[in-house]
Amino acid sequence: MVAVIVDKTVEMTDAEQHASFTWVLNNLRFTKSKTTLYKNTNDYFGFFPMKDEKFRLKGLERFSTPMLDKLSNDADLVYYTDTYGVYRKDWYKKRKAIGAGKIYGGLSEQDIQLLTMMKAKHKLIISEFNTIGTPTSDEIRGDFENLFGLKWSGWIGRYFSSLDTVNNPDLPQWIIDNYKKSNNGKWPFHRQGIVYINTDEKMIVLEQGNELTSALPYIYATDSIQKKYGIPAKTAYGYWFEVMKYDPSINEPIATFKLDVNAAGKEILKKNNLPVSFPAILVHRNADYKFYYFSGNFCDNPISMKSSYFRGIGVLNRLFYPSGELDNPRKFFWNFYNPLLTEIVSDYYQSLQKEK
């Protein structure tokens, strides 16, 4: 089964940003040719890091319309895992004064062309967090939104296990700096919390004990969805997410993010037109094409590709994974992402076999 994977944000040679999906393909024994399994570091379109701050660009931007049409004929599915891209200030660690502009990133006209062709040919389309966020242009974003019946609110957010600048080295400095600009140079947070960022750089910080009863966001699934996709009723999620709006006549949410806010938190969200709950997974309602949208950065998990070659390992890890560390991305992979994508891809493969 031929999968087109698009990842424009690969800064490390292990290509972790889309490793989770490649893991699922290999574990299910799906191959890109008759005998060759997918290789995480090679079988995708996007940014390819090399040694000594060198890189290659192998995106769809180099494809003509006939080439894209051929690709859409050959491919069975397409998965857009990340289009944020790579920026000079992040890539060039050894050299200074090289500017802060984008090297590569954002959804392109060629991406929209391929997605339009895949939709017209009833192929499986999966996309997730930041497919149409920064730095995608408003025009291209609008094309995607019109194509699939959803709309980005302009807000992204992330849970942090600590908002203390001393105790949490993973707290991005740009978040702290941007907040201080509009708040008299102060960053008065120390506990767990959620940071929201808008496209206009407006920021909201919700802290446990002040605006949040419990800081960690959860994904909730209905009984029927739990049974169909093999996912839990309630799953902790501790990474990036976005607030998406959708046309209910076209798409439906099959899993939902919910924040545990108190009265003060509800008031802040209301003032900024932000909901307490919002879609985690949107799916197209009808049979004319197959489309999933994940509102979280679901595919980016630190998973070992070597383990993908062992049958049944997913079941074992779900049974024996420690109950602690609720926001652990490995736990999210074994309990949520792996069973979800295994069902989506397996079910789609069976539908292809029936058509033959």
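Everything discussed here concerns the structure shown above.
Below, the structure is looked at part by part. A quick note: this is a predicted structure, and the numbers were derived from the prediction, not measured.

Here strand β2 (residues 45–49) runs beside strand β3 (residues 55–58); their pairing, made up of 4 bridges, is antiparallel. Looking at the pairing, Phe 48 lines up with Arg 56 of β3. Connecting β2 to the next strand, β3, in antiparallel fashion are 5 residues, including Asp 52 with a positive phi near 60°.

One finds Phe 21 and Tyr 196 to be the most contacted residues of the largest nonpolar core, which totals 64 residues. Top contributing element to this core by residue count: helix α10 (residues 329–355), with 11 residues. With near-sequence residues (within four places) excluded, Phe 21 lies in contact with Ala 3, Ile 5, Leu 77, Tyr 79, Cys 299, Tyr 337, Leu 341 and Val 345. Among the nonpolar cores identified, the runner-up in size contains 44 residues, and Leu 71, Ala 75, Leu 115 and Met 118 belong to it.

All right, on to the pairing of strand β7 (residues 124–128) then. Most of β7 sits inside the fold, with 5 of its 5 residues counted as buried. The two faces of β7 match: Leu 124, Ile 126 and Glu 128 on one face and Ile 125 and Ser 127 on the other face are all buried. Bridge count between strand β4 (residues 77–82) and β7: 4 bridges; the pairing is parallel. By the bridge assignment for β7, Leu 77 is matched with Leu 124. Looking at chain direction, β7 and strand β16 (residues 290–294) are connected through 5 bridges and run parallel. Residue pairing in the sheet places Glu 128 in a bridge with Phe 294 of β16.

Strand order in the open sheet formed by 4 strands is β10-β9-β8-β13, with antiparallel pairing between adjacent strands. The sheet is open, and its two edges are formed by β10 (203–207) and β13 (240–246), each paired on a single side. Sheet twist, expressed as the mean angle between neighbouring strand axes with direction ignored, is 25°. For strand β8 (residues 150–160) and strand β9 (residues 193–198), the ladder comprises 6 bridges, and the chain directions are antiparallel. Across the sheet, the residue bridging to Ile 156 is Ile 197, located in β9. Lying over the sheet, helix α6 (residues 173–181) contacts β8, β9, β10 and β13, oriented at roughly 105° with respect to β10.

This part is about unusual backbone geometry. With an omega of 10°, the peptide bond running from Thr 134 to Pro 135 counts as cis. Position of Pro 135 among the secondary structure elements: in the loop between β7 and α5 (138–148). Although it is not a glycine, His 122 adopts a positive phi angle of roughly 60°. Here His 122 is to be found in the loop between α4 (109–120) and β7. Here His 122 falls in the partly exposed class, since its relative accessible area comes to 46%. Residue Asn 273 is not a glycine yet carries a positive backbone phi of 55°.

Once that is clear, we can look at the sheet that holds β16. If you trace the 10 strands from one edge of the open sheet to the other, you get β3-β2-β1-β4-β7-β16-β15-β14-β11-β12, paired in mixed fashion. Either end of the sheet is taken by a strand with one partner, and the two such strands are β3 and β12 (234–236). Here the average twist between neighbouring strands, direction ignored, is 20°. Together, β7, β14 (251–261) and β16 form the strand contacts of α5, whose direction differs from that of β16 by roughly 125°.

Calculation rules
Residues numbered from 1 in each chain as written. Predicted model: local features only at pLDDT ≥ 70, side-chain atom pairs only at ≥ 80, totals over all residues. Heavy atoms only, no water. Pairing = 2+ DSSP bridges. Helix = DSSP H or I, 4+ residues; strand = E, 2+ residues; numbered from the N terminus. Core = buried A, V, L, I, M, F, W, Y, C linked by side-chain atoms within 4.5 Å. Buried < 20%, exposed > 50% of the residue type's maximum accessible area, 1.4 Å probe, protein only. Contact = heavy atoms within 4.5 Å. Axes fitted to C-alpha atoms, helices over the stretch in contact; angles between N-to-C directions.

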